[in-house]
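Chain by chain, the residues:
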Amino acid sequence: MTIRKPELLAPAGDMDALVAAVENGADAVYLGIKGFSARAYADNFTLDEFRQALDHAHLRGVRVYVTLNTLIKDTEIETAVNLMQTLDELGTDAIIVQDIGLLSLAKRHVPLLPVHASTQMTIHNSEGVRFLREMGVKRVVLAREMTLEEIKRIRQDTDIEIETFIHGALCICYSGQCLMSSIIGARSGNRGYCAQPCRKGYGLMREGKELRTPGKFLLSPADLNTSLIIPELMEAGICSFKIEGRMKRPEYVAGVVRIYRRLLDRHMGDPAGYHVCEEEKLQLEQLFNRGFTTGYFKGDPGSALMSRERPYNRGIRTGKVRGYDKKLRQLSLELTGALKTGDGIGFEEEQGSGTTIQQMYRKGKLTKEAGREEIINISYNTPLKKGTPVYRTLDSSLMKELKRSFESPENPRKVPVTIKARAHAGERMEVTFLDEDNNRVSINSDYLVEPAIGKATTAKDMEKQLGKLGNTVLKAKEIEISMGNDIFIPIREMNHARNRAAEELEKMRVEKKRRPKHSAYVAPKEPFAPERKEKPLLAVSVTGMEALDNAISGGADLIYYDGPDCSRHEGADLIAAASHARQANVPVYLHTPIIVKDTEMPGIEKRMNSAMKAGFEGIIAANAGVFKKAIVLGIPAIADSHLNIFNSESAALLIKKGAISVVLSPEMNHEQVKGTGSIHDTEFIVHGRLHIMVSEHGLVRDLTGTEKIPDPITWTGSFELVDEKGFAFPAMTDCSGRTHIFNSKELCLLEDIPRLMESCVRAFRIDARMMEVSLIEKVTASYRKAIDSYPYGKSLQAGTMKCSDISKEYTRGHFHRGVL
């Protein structure tokens, strides 16, 4: 099998990082524009800065992808489309998109601009890839939770480009499915403002008792490092190897890119002799690490995925504390590795502690460096325990070396060109430059070549002058001369022709990427939507027969059933659920999982078919793959909130693709809900514990050593993660061993029913799957009464029923405040 050399894709949080990536061997870079990036806290680029960055990269043969990988509000659509048009005109190589509505807009308004699907889209199965391929997506950045075998299968089953992360920080949650940051502090990870709650401390509780755990950072993964398995990644057919790190310093980008460039070239040159040398391993470790893992590529890594004791940079172990002099305020360190002034150090068990070594003493004398088995003293204000491990978190010499690699490189990145020259007496000299991208420039000099009177110009003379390209990004790979005998060409004429050709070729390399101009986009005014005459339906998501019956007794119009049968094949519960619902004349739909790998899809397909045979009306699709599968099978599908439906464009696209209704994102506020609900058939979750994380990692199993899956019918006796403020987040394990984390408080919008009635949504949903079964009828009846109390056409007044009547601890979520 022929293995193609993959693209090495590097992060660029600012111009220095972009130059660092280019000079150290990146084939492509990805970067964000201010306002529309999943790394809103990175410096990112203004449009003027972006033009400079784009031209710098294109001139040197490096592709540039722009991350528009956040969810877009309706009020931002006009700005987003105009930005895409500008990026298209400038010649951006691709945009990386999360919002399915923005993807739809891109295909309509910038059809020539390639689109890559962000990992924020949570694409993890072949059907999901096909769904995006049909929408014109060129490349998919797969979920980080994919194994190599799963990637191979997707690559074999589809004809789309596959990109994966190979190095850098990991998320504990499937990207695009984390609401934890927005729930805790209204900073949405889906909008680029993740506050990284996974790096905070938590305790694990069960039935009110705290369990002992190895470390307190229970949601903090180690960093991805695939240097040792590069050959296997290449064999999987991955076309682009992506390095994470737009928040990292340029020196980090330079160092990581440089090493992976060597590794890819090494494997291509000698697959059998592939290796990673010790210096490369140490440099990757030194640049940044929370401990390293190969992630899910080789299967479930278990505890090896996590960094529960230190959620920050470890650096390299370089010694231990020998003692502390309180009078001099000096630490005595016994070294196991080298240290120099200017190096940064940190200490085990001292979170965030550390210092930069300004001075150090060896045997009472100042020294600039010290090595293994030597004892040094450094100034430090805090006493530390004897034996506390010491880590070098920053190597000042390495940083200086890496900085030189992009600020003043010894061998700056050049573009190889073939130079051809033709010179014959009585004719104009012709100089042609041809690069490896088949860009060709030919220059005819004003000078007519003359017969030599004295010393003739030789081919070596011409090669010498034409090859002098020092002030350009070009370098002569080959020079071909066709010339007559005994001719003379002044050096200035050769220089002039060479300079003109070089200038024209450089200009061509940049300008050829440009695309036609667009007219400014003005968002159309939404057509007048007639007021809904019918009341919104009340849907209730339940698990189990008793919960279903209670929801019906409370007045549910629709039942969304999530059965407890972990085999998902028998279907007896489906027959019972359909029978109970049919007797009450209440339609029932089947919940499907958020995550469905290719190996699980046949079982889900069988369960969907069994549900339809039993009398279900359709299914709730929580990922793009299941949605597509349902549409192909002719099964009515409701697009769930996990598809991140955040604007009217997303809603319209999914309805056009076959959804009978869409469930809006719980991160939307009232005005957003109203704006979308007035146009499309939408639903909105009004009550229940919001699902804020889904992780491939078996958290409880890994921490407790138990394989037992808690009873999915009730949350009683389940595990909870308790944060530093005392909030408890239920943590459940599903039938596939995945972890699901729910908000510490119930969402309750009972008191907001009057405003919700004005939003024109088709249905309100109570998610009762994490609710005590005995409360379901009461909660459902409360919403039933609230809805029935406010008929359309009458003035809506604030309700008299309170959330405190049906919920002990509750929140109104984002309905009033929205998210950043």
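Report on the accompanying structure. (Residues numbered from 1 in each chain as written. Predicted model: local features only at pLDDT ≥ 70, side-chain atom pairs only at ≥ 80, totals over all residues. Heavy atoms only, no water.)

This next bit is on the overall build of the chain. Counting secondary structure elements, the chain contains 22 helices and 42 strands. For a compact globule of 820 residues, the expected C-alpha radius of gyration is about 28 Å, and the chain comes in at 31 Å, within 12% of that figure. Structurally, the chain occupies a C-alpha span of about 110 × 75 × 50 Å along its principal axes. Across the 820 residues that make up the chain, the buried fraction comes to 59%. Accessible area of the chain: about 34,100 Å², with a carbon and sulfur share of 48%. The averaged location of the 108 negative side-chain charges in the chain is 3 Å from the averaged location of its 113 positive side-chain charges. (Helix = DSSP H or I, 4+ residues; strand = E, 2+ residues; numbered from the N terminus. Rg over C-alpha atoms; globule rule 2.2 N^0.38 Å. Buried < 20%, exposed > 50% of the residue type's maximum accessible area, 1.4 Å probe, protein only. Areas by Shrake-Rupley, 256 points an atom, 1.4 Å probe, with all protein chains shown as cover. Lys, Arg positive; Asp, Glu negative; His and termini not counted. Charge placed at Lys NZ, Arg CZ, Asp CG, Glu CD.)

Our focus in this paragraph is the pattern of salt bridges. Where side chains of opposite charge bring their charged atoms close, a pairing between them can arise. Inspection of every chain in the model, using the stated rule, returns 57 salt bridges. A salt bridge links arginine 261 to aspartate 27; the shortest N-O distance between them is 3.1 Å. A residue pair is termed long-range when its members are at least 10 positions apart, and arginine 261 in helix α9 (residues 250–269) and aspartate 27 in the loop between α1 (15–23) and β2 (28–32) qualify at 234 residues. For the pair shown, arginine 261 and aspartate 27 are each scored as buried. Glutamate 374 serves as the salt-bridge partner of arginine 362, at 3.1 Å between the closest nitrogen and oxygen. (Salt bridge = Lys/Arg side-chain N within 4 Å of Asp/Glu carboxyl O.)

Let us now look at unusual backbone geometry. Here the phi dihedral of glutamine 196 falls at roughly 55 degrees; this positive angle occurs in a residue that is not glycine. Inspection of the secondary structure puts glutamine 196 in the loop between α7 (180–185) and β8 (203–206). Owing to a relative accessible area of 40%, glutamine 196 belongs among the partly exposed residues under this scheme. The backbone of asparagine 644 sits at a positive phi, close to 55 degrees, despite the residue not being glycine. Structurally, the position occupied by asparagine 644 is in the loop between β33 (637–639) and α18 (648–656). Since its relative accessible area comes to 8%, asparagine 644 is described here as buried.

Right, let's talk about the state of the cysteines for a bit. Summed over the entire model, instances satisfying the criterion amount to 1 disulfide. Disulfide pairing places cysteine 748 opposite cysteine 803 at an S-S distance of 2.1 Å. Across the S-S bond linking cysteine 748 and cysteine 803, the dihedral sits near -90 degrees, which makes this disulfide left-handed. Of this pair, cysteine 748 sits in strand β40 (residues 746–748) while cysteine 803 is found in the loop between α22 (773–788) and β42 (810–811), placing the two residues 55 residues apart along the sequence. We classify cysteine 803 as buried; its relative accessible area is 0%. Looking at cysteine 171, it has no disulfide partner, and the nearest cysteine sulfur is the one in cysteine 198, 6.2 Å off. (Disulfide = S-S within 2.5 Å.)

This paragraph deals with the packing of helix α4 (residues 100–109) against α18. Interhelical geometry of α4 versus α18 gives an angle of 80 degrees and a closest axis separation of 7 Å. Relative to α18, the element α4 is oriented roughly perpendicular. Contacts between α4 and α18 involve Ile100, Gly101, Ser104, Leu105 and Arg108 on the former and, on the latter, Glu649, Ser650, Leu653 and Leu654. Residues that form the contact of α4 with α18 fall into these classes: 4 nonpolar, 3 polar and 2 charged. (Axes fitted to C-alpha atoms, helices over the stretch in contact; angles between N-to-C directions. Parallel < 35°, antiparallel > 145°, perpendicular 65-115°, else oblique. Contact = heavy atoms within 4.5 Å. Nonpolar A, V, L, I, M, F, W, Y, C, P; charged D, E, K, R; others polar.)

Centre distance and the angle of the planes are the two values used to describe a pair of aromatic rings. With the rule as written, the count across this model stands at 5 aromatic pairs. Residues tyrosine 560 and tyrosine 589 carry aromatic rings whose centres are separated by 5.8 Å and whose planes lie at 90 degrees to one another, so their mutual orientation is edge-to-face. Of this pair, tyrosine 560 sits in strand β30 (residues 558–561) while tyrosine 589 is found in strand β31 (residues 588–591), placing the two residues 29 residues apart along the sequence. Judged by its relative accessible area of 7%, tyrosine 589 falls in the buried class. (Phe/Tyr/Trp six-rings, centres within 6.5 Å; stacked < 30°, edge-to-face > 60°.)

Quick look at the sheet that holds strand β36 (residues 691–695) now. Hydrogen bonds between backbone groups are what pair the strands of a sheet, and the pairing can be parallel or antiparallel. Strand order across the open sheet formed by 6 strands is β9-β8-β37-β38-β39-β36, with antiparallel pairing between neighbours. Strands at the two margins of the open sheet, each flanked by one partner only, are β9 (209–211) and β36. Between one strand axis and the next, the sheet turns by 30 degrees as a mean value, whatever way the strands run. Where β8 meets β9, 3 bridges bridge the pair, whose relative direction is antiparallel. (Pairing = 2+ DSSP bridges.)

Along the chain, proline 383 turns up in the loop between β21 (375–379) and β22 (389–394). Residue class for proline 383 comes out partly exposed when judged on its relative accessible area of 48%. Sequence separation of proline 383 and valine 321 is 62 residues, and the distance between their C-alpha atoms is 9.8 Å.

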